[in-house]
Amino acid sequence: MATFFGTDSWSIHEGGCNFGYIWTDQGLPGWDTAAVNDGFPGYLDSCGKCFEVQCEATTTSDGYGESMDRREACRDTSASVIVRVVDTCPCVYPPNAWSNRRWCCGERDHMDLSVWAFEKLADVKWGVIPIKYREVACTDTPRRKAIDPYGATPGQYAPAGTPYHPTRDWPELHSGGEQDVYRWGHVASGFVDSSKGISRSSMPGVERDEGSNAYCATVTQKSSMIRFTGWSGAFSGKIAVEAWFYVNTIGYDGSQAQVPDISIRLDGNNGACPSVRLQKAKPQLFYPTCRTCTDYWFGYRLYLPFVGGGDYPTVINDPADFSGCGDNTVWELQAITFAATWADRDVLVCLDRVRLV
């Protein structure tokens, strides 16, 4: 089912994926965007992906069991719209608890469509509609394209100082593939755990499935580290390091999240790159440890120019935009190191789903 957002305090330009202002003339599908709930298939990799959505003329129900007849709601059940994921709709979200639990906690997949996408499928007076959807390439064109209705919702101008056409890392702009480093409770093939001086523990991993255990360890001040070492060339063709960190209970508005005060560093044959502080970065997605839990994982995409010691966020979509660091070429980089460089005490770190993308 689908609800809509974008004309209230929930802007499509301030989504959790950190894309910022969406320019209608920069890539497809413009302001036809969506937020997906944290039970949505493929949620952990959903940012930037596109889906083709159709209105379905049937009945539906909300998370409280209220039935809604939408057999007359669709403008054209054969028409569809393509939307890009820019945000999340978590089941547990205290600032909007009643509404999020109503729509984002049910057994049915849920999309919160931008008002500009929703009104192409149905009049906004309906509030919620049943939908059919499928994942597609963002450059696809629907066989029968849903069109703007008469009197469509006006657009939103970019705030003063908004960068025009900033670099995006949308899936259609980067095809370097993914390389697991630590996932499903194991160090990936080709990498070794070369950590030093740590005390290991464990907890269920971010992917929740049986056997998916996070890598948890106490990292002491400046004398120990978590490190995964691969091979020469492991970073070639990549643009970022992705990792998920357990942040405990995040509080009413997320401000109480306990992001571990650790540094991240790339190492290579010719030495170490400058360390950067995780707390300088913004998470891209957040994910509760269970559908109704209030303790969370934060997911980060850390672009190699930043992890290599540069400014945050320095978004890139072309691997050629990162030439290496610490006197290492990209080919000579081999390891990712997590340490307590700036912390004033020992740090307990739980991380999972570490990848090169």
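Just so it is clear, the model here is predicted, and its values are computed rather than measured.

### Remarks on the side chain of T3
- Structurally, T3 is set in strand β1 (residues 2-5).
- Judged by relative accessible area, T3 falls into the buried class, the value being 8%.
- Looking at T3, its side chain comes within polar contact range of the side chain of D112, at 2.6 Å.
- Residue contacts for T3: discarding those within four places in its chain leaves W103, H110, M111, D112, L113, F118, G127 and V128.

### Describing the state of the cysteines
- According to the stated counting rule, one finds seven disulfides in the structure shown.
- Residue pairing for C55: its cysteine sulfur links by disulfide to C74, the two sulfurs lying 2.0 Å apart. Its S-S torsion of about -75° marks the bond between C55 and C74 as left-handed, since a negative value means left-handed. Residue C55 is located in strand β3 (residues 50-55), and its partner C74 is located in the loop between β5 (67-69) and β6 (80-89); the two are separated by 19 residues in the primary sequence.

### Digging into empty space enclosed by the protein
- For the structure shown, the criterion picks out two cavities of 30 Å³ or more.
- One number sums up the size of the largest cavity: a volume of about 60 Å³.
- In terms of lining, the largest cavity is formed by L44, D45, E242, W244, Q284, L285, G299, Y300, R353 and R355.
- Listed by contribution, the elements that provide at least two residues to the lining of the largest cavity are β15 (240-249), β20 (295-303) and β24 (347-356).
- Taken together, the residues of the lining of the largest cavity break down into four nonpolar, two polar and four charged.
- Reported here for the second largest cavity is a volume of approximately 40 Å³.
- Lining the second largest cavity we find I22, W23, Q26, G27, L28, P29, G30, T33, R84, V86 and W170.

### Examining the layout of surface pockets
- For the largest pocket, the calculated volume is near 890 Å³.
- What lines the largest pocket is a set of 32 residues, among which G15, G16, N18, K282 and P283 lie closest to the centre.
- Listed by contribution, the elements that provide at least two residues to the lining of the largest pocket are β19 (285-288) and β20.
- With three residues, the single largest contributor to the lining of the largest pocket is β20.
- Considered class by class, the residues forming the lining of the largest pocket number 16 nonpolar, ten polar and six charged.
- The volume enclosed by the second largest pocket comes to roughly 490 Å³.
- W10, D87, T88, Y93 and D112 are, among the 24 residues lining the second largest pocket, the residues nearest its centre.
- Considering each element in turn, the lining of the second largest pocket owes the most residues, four residues, to helix α1 (residues 97-104).
- Its residues assigned to classes, the lining of the second largest pocket comprises ten nonpolar, ten polar and four charged.

### Some thoughts on the pairing of strand β2 (residues 33-37)
- Across the five residues that make up β2, a large majority, five, are buried.
- Burial of β2 is two-sided: the residues T33, A35 and N37 facing one way and the residues A34 and V36 facing the other way are all buried.
- With five bridges connecting them, β2 and β6 associate as parallel partners. Each residue of the ladder has a partner; that of A35, found in β6, is D87.
- Relative to strand β7 (residues 111-114), β2 is paired through three bridges, and the arrangement is antiparallel. Each residue of the ladder has a partner; that of V36, found in β7, is M111.

### Examining the sheet that holds β6
- Ordered by their spatial adjacency, six strands build an open sheet running β1-β7-β2-β6-β3-β8, and the pairing between neighbours is mixed. For this open sheet the edge positions go to β1 and β8 (131-136), each flanked by a neighbour on one side alone. Here the average twist between neighbouring strands, direction ignored, is 40°.

### A look at the pattern of salt bridges
- What the rule picks out here adds up to 23 salt bridges.
- The partner of D69 in a salt bridge is R71, and the shortest N-O contact between them spans 2.6 Å.
- Of the residues examined, R71 reaches a relative accessible area of 52% and is grouped as exposed.
- For E242, the salt bridge is made with R301, and the minimal N-O distance between the two is 2.6 Å. Placement of E242 in strand β15 and of R301 in strand β20 is noted, with a sequence separation of 59 residues between them.
- By sharing partners, the salt bridges in this structure join D45, D169, E178, D180, R183, E207, E242, R301, R353 and R355 into a single network.

Conventions we followed
- Residues numbered from 1 in each chain as written.
- Predicted model: local features only at pLDDT ≥ 70, side-chain atom pairs only at ≥ 80, totals over all residues.
- Heavy atoms only, no water.
- Helix = DSSP H or I, 4+ residues; strand = E, 2+ residues; numbered from the N terminus.
- Buried < 20%, exposed > 50% of the residue type's maximum accessible area, 1.4 Å probe, protein only.
- Polar contact = N/O pair within 3.5 Å; in protein donor to acceptor, adjacent residues only side chain to side chain.
- Contact = heavy atoms within 4.5 Å.
- Disulfide = S-S within 2.5 Å.
- 1 Å grid on protein atoms, 1.4 Å probe; cavity = no way out; pocket = protein on both sides within 12 Å on 5 of 7 lines; lining within 4 Å.
- Points joined across faces, edges and corners; volume = space filled by probe spheres on them.
- Nonpolar A, V, L, I, M, F, W, Y, C, P; charged D, E, K, R; others polar.
- Pairing = 2+ DSSP bridges.
- Axes fitted to C-alpha atoms, helices over the stretch in contact; angles between N-to-C directions.
- Salt bridge = Lys/Arg side-chain N within 4 Å of Asp/Glu carboxyl O.

Function cannot be inferred from these measures alone, as they are strictly geometric.
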